[in-house]
Number of protein chains: 2
Amino acid sequence: MTAPPLANLINELTKLPGVGGKSASRIAYHILKRTTSEAESLANAIVDVKSKIFRCSICNNMTDVEPCAICSDPRRDAGVICVVEEAFNIPTIEQTRDFRGLFHVLLGALSPLKGVGPHDIDVGGLIKRVQAGGVREVIVATNPNVEGEATALYLAQQLRPLDVKTTRLAFGLPVGGDLEYADQVTMAKALEGRREIT
Amino acid sequence: MTAPPLANLINELTKLPGVGGKSASRIAYHILKRTTSEAESLANAIVDVKSKIFRCSICNNMTDVEPCAICSDPRRDAGVICVVEEAFNIPTIEQTRDFRGLFHVLLGALSPLKGVGPHDIDVGGLIKRVQAGGVREVIVATNPNVEGEATALYLAQQLRPLDVKTTRLAFGLPVGGDLEYADQVTMAKALEGRREIT
């Protein structure tokens, strides 16, 4: 008995990641309670993002200018490229304010199970950037899971002939966590990667 | 360094209930990966809901027809009115398929702390419907919290002169729950409301 336009919005919302039936319903009723202009701001933002955002031709980051703001920033160190699986991994690294190099978005990770092979992700673009010269280090920041690890190993292998240092993000205990909640594998990695206190 | 149209969408999304920064970012990147027509379906659904949905003049339910589909359904029992705080409480009760009466949406609950008094919620409309005759029972389905309880008591008091049975939803243990997780107050209510096994 839910009115069709409302049922339609709830249905559209459940297609979003992390939004189940209850959340969709809660969001829909929230939109109904807001003003029409507030609803339009949200609707316009959705349409705008699709019409104005595209991938940077150099690094595959999501951008509204070509090349993207990171690739075109002269203050950034073009000698270091951080490789991530998806564009949304970039803000996570940028938040640290510790990385001043450039990025390369692979657009996925190797996954034989999902049928994703080396030609389905943008390894070629990364190799070309390194071959063009000036790159001292490639930091592989793929996800800390089986697929991310497989991708990291594959990249290291592809980059080996190119005289560039290839590094991987450290594995270990999450800061602020509790030792007793660490899983076996993380704990083993934390032990293995232990560093001397100086 | 997030591109402005993307930052704008993320900002608009964080205004939605239950959507924090991380979820907003995840949803925004999800929209970017979908087709333009899928994004437009969502945007249109948002605009549509605001232009086509209004409140039923009888029960305050959200509807696209006047009166709403529930109020105009001849198969429903007009002798029983279930009173809820918000329109989004209606689907929760409809899901049970056990209720075949009509609804009345109060548009809130009494809350001296939030400055919501009897004149800020639609008690008047309910009284008029009961006064119009034919109503045997009013089921008060306000929330099981302090404000919902205060509202239920106030309604019972207002309805007393009108020769109508006023009932309240039962309090007790949630089905499927575990006894050890029941809080003190719920447990006390469950004991108090105990029923003979026949």
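Predicted, not measured: the structure shown is a model, and the values here were computed from it.

K.L.:
Is there a simple way to explain the domain arrangement of chain A in this structure?
P.N.:
Note: interface size is frequently given as the accessible area lost on complex formation between the parts. The domain boundaries assigned to chain A delineate domain 1 (4-52) and domain 2 (77-168). Taking the mean C-alpha position of each, domain 1 of chain A and domain 2 of chain A sit 35 Å from one another.

K.L.:
How should the pattern of salt bridges be read in this particular structure?
P.N.:
Pairing is possible between side chains that carry opposite charge, provided their charged atoms lie close to one another. Residues and elements named next belong to chain B. Within the structure shown, the criterion is met by 18 salt bridges over all chains. The salt bridge involving Glu147 is made with Lys114; its shortest N-O contact spans 3.5 Å. One end of the pair, Glu147, is in helix α6 (residues 146-159); the other, Lys114, is in the loop between β4 (101-105) and α5 (123-131), with 33 residues separating them in the sequence. In this structure Lys114 comes out as exposed when scored by relative accessible area, which is 62%. The partner of Arg168 in a salt bridge is Glu149, and the shortest N-O contact between them spans 2.6 Å. Note that Arg168 is positioned in strand β6 (residues 165-168) and Glu149 in helix α6, a separation of 19 residues in sequence. For Arg168, a relative accessible area of 24% translates into the label partly exposed. On the basis of relative accessible area, Glu149 is assigned to the partly exposed category, the value being 25%.

K.L.:
Looking at this structure, I do not really get helix α3 (residues 36-52) of chain B. What am I missing?
P.N.:
Along an α-helix, a turn takes 3.6 residues, which lines up residues three or four apart on a common side. All names here are of chain B. Here α3 spans 23 Å end to end across 17 residues, near enough to the 24 Å set by a 1.5 Å rise per residue. For α3, every residue scored as buried is listed here: Ala39, Leu42, Ala43, Ala45, Ile46, Val49 and Lys50. The arc that holds every buried residue of α3, seen down its axis, measures 145 degrees, which confines them to one face.

K.L.:
I'm lost on the sheet that holds strand β6 (residues 165-168) of chain A in this one. Help?
P.N.:
All names here are of chain A. Taken in spatial order, the four strands of this open sheet run β4-β3-β5-β6, and their pairing is parallel. A strand with exactly one partner marks an edge of an open sheet, and here the two such strands are β4 (101-105) and β6. On average, adjacent strands in this sheet sit at an angle of 25 degrees to one another, irrespective of strand direction. Packing against the sheet, helix α5 (residues 123-131) makes contact with β3 (77-84), β4 and β5 (137-140), and its axis sits at approximately 150 degrees to β4. Strands in contact with helix α6 (residues 146-159) are β3, β5 and β6; relative to β6, the strand with the most contacts, it is inclined by about 170 degrees.

K.L.:
How should empty space enclosed by the protein be read in this particular structure?
P.N.:
With a probe scaled to a water molecule rolled over the atoms, the places where space remains empty come into view. Under the defined criterion, the tally for this structure stands at two cavities of 30 Å³ or more. As for the largest cavity, its lining consists of Leu13, Leu16, Ile27, Leu42 and Ile46 of chain A together with Leu13, Leu16, Val19, Ile27, Leu42 and Ile46 of chain B. Within the residue set of the lining of the largest cavity, elements represented by two or more residues are α3 (36-52) of chain A together with α3 of chain B. Approximately 30 Å³ is the volume attributed to the second largest cavity.

K.L.:
Quick question: what am I supposed to make of helix α2 (residues 21-33) of chain A here?
P.N.:
Compared with an ideal rise of 1.5 Å per residue, which puts 13 residues at 18 Å, α2 of chain A spans 19 Å between its outermost C-alpha atoms and is within 8% of the ideal. For α2 of chain A, the full list of buried residues reads Ala24, Ser25, Ile27, Ala28, Tyr29, His30, Ile31 and Leu32 of chain A. The inward-facing, buried residues of α2 of chain A contact α1 (4-14) and α3 of chain A together with α3, β2 (62-63) and α4 (89-94) of chain B.

K.L.:
I keep staring at the sheet that holds strand β5 (residues 137-140) of chain B and nothing clicks. Help me out?
P.N.:
Either a parallel or an antiparallel arrangement is found when strands of a sheet pair, and the pairing is made through backbone hydrogen bonds. Residues and elements named next belong to chain B. Read from one edge to the other, the open sheet built from four strands follows the order β4-β3-β5-β6, with strand pairing classed as parallel. Unpaired on one side and paired on the other, β4 and β6 mark the two borders of the sheet. Ignoring which end each strand starts from, the neighbouring axes of this sheet average 25 degrees apart. The sheet contact formed by strand β3 (residues 77-84) and β4 spans five bridges and is parallel. Directly across from Cys82, in β4, lies its bridge partner Phe103. Relative to the sheet, α5 contacts β3, β4 and β5, its axis offset from that of β4 by approximately 150 degrees. In the packing of α6 onto the sheet, contacts are made with β3, β5 and β6, and the angle to β6 comes to roughly 170 degrees.

K.L.:
Mind showing me how you'd approach unusual backbone geometry here?
P.N.:
Excluding glycine, most residues fall at negative phi; most peptide bonds, likewise, are trans. In this chain, Glu66 of chain A is followed by Pro67 of chain A through a cis amide linkage whose omega measures -10 degrees. Relative to the assigned elements, Pro67 of chain A resides in the loop between β2 (62-63) and β3. Phi angles above zero are rare outside glycine, and Asn60 of chain B is one such case at about 70 degrees. For Asn60 of chain B, the location among the structural elements is in the loop between β1 (54-55) and β2. We classify Asn60 of chain B as buried; its relative accessible area is 10%.

K.L.:
Could you clarify how one ought to interpret the relation of the copies chain A and chain B in this entry?
P.N.:
Applying a rotation about an axis and a shift along it to one chain copy brings it onto the other copy. Of the two same-sequence chains, chain A is brought onto chain B (RMSD 0.1 Å, axial shift 0.0 Å) by a rotation of 180 degrees. Each copy turns onto its partner about a two-fold axis. Within chain A, the C-alpha atom positioned nearest to the axis of rotation is that of Ala43 of chain A, 2.1 Å from it. Mapped onto chain B, 98% of the interface residues of chain A again fall at the interface, so both copies present the same surface.

K.L.:
What exactly am I supposed to notice about the packing of aromatic side chains here?
P.N.:
Any pair of aromatic rings gets described here by the distance separating the centres and the angle formed by the planes. Applying the stated rule across the entire model yields four aromatic pairs over all chains. Centre to centre, the rings of Tyr29 of chain A and Phe88 of chain B are 5.6 Å apart; their planes meet at 65 degrees, and the pair counts as edge-to-face. You can see Tyr29 of chain A sitting in helix α2 and its partner Phe88 of chain B sitting in the loop between β3 and α4, one on each of two chains. Here Phe88 of chain B falls in the partly exposed class, since its relative accessible area comes to 37%.

What counts, and where the lines are drawn
Residues numbered from 1 in each chain as written. Chains lettered and ligands numbered in written order. Predicted model: local features only at pLDDT ≥ 70, side-chain atom pairs only at ≥ 80, totals over all residues. Heavy atoms only, no water. Domains from an automatic or database assignment. Salt bridge = Lys/Arg side-chain N within 4 Å of Asp/Glu carboxyl O. Helix = DSSP H or I, 4+ residues; strand = E, 2+ residues; numbered from the N terminus. Buried < 20%, exposed > 50% of the residue type's maximum accessible area, 1.4 Å probe, protein only. Expected span 1.5 Å × (residues − 1). Arc of directions from axis to C-beta. Pairing = 2+ DSSP bridges. Axes fitted to C-alpha atoms, helices over the stretch in contact; angles between N-to-C directions. Contact = heavy atoms within 4.5 Å. 1 Å grid on protein atoms, 1.4 Å probe; cavity = no way out; pocket = protein on both sides within 12 Å on 5 of 7 lines; lining within 4 Å. Points joined across faces, edges and corners; volume = space filled by probe spheres on them. Least-squares fit on C-alpha atoms with pLDDT ≥ 70 in both. Phe/Tyr/Trp six-rings, centres within 6.5 Å; stacked < 30°, edge-to-face > 60°.

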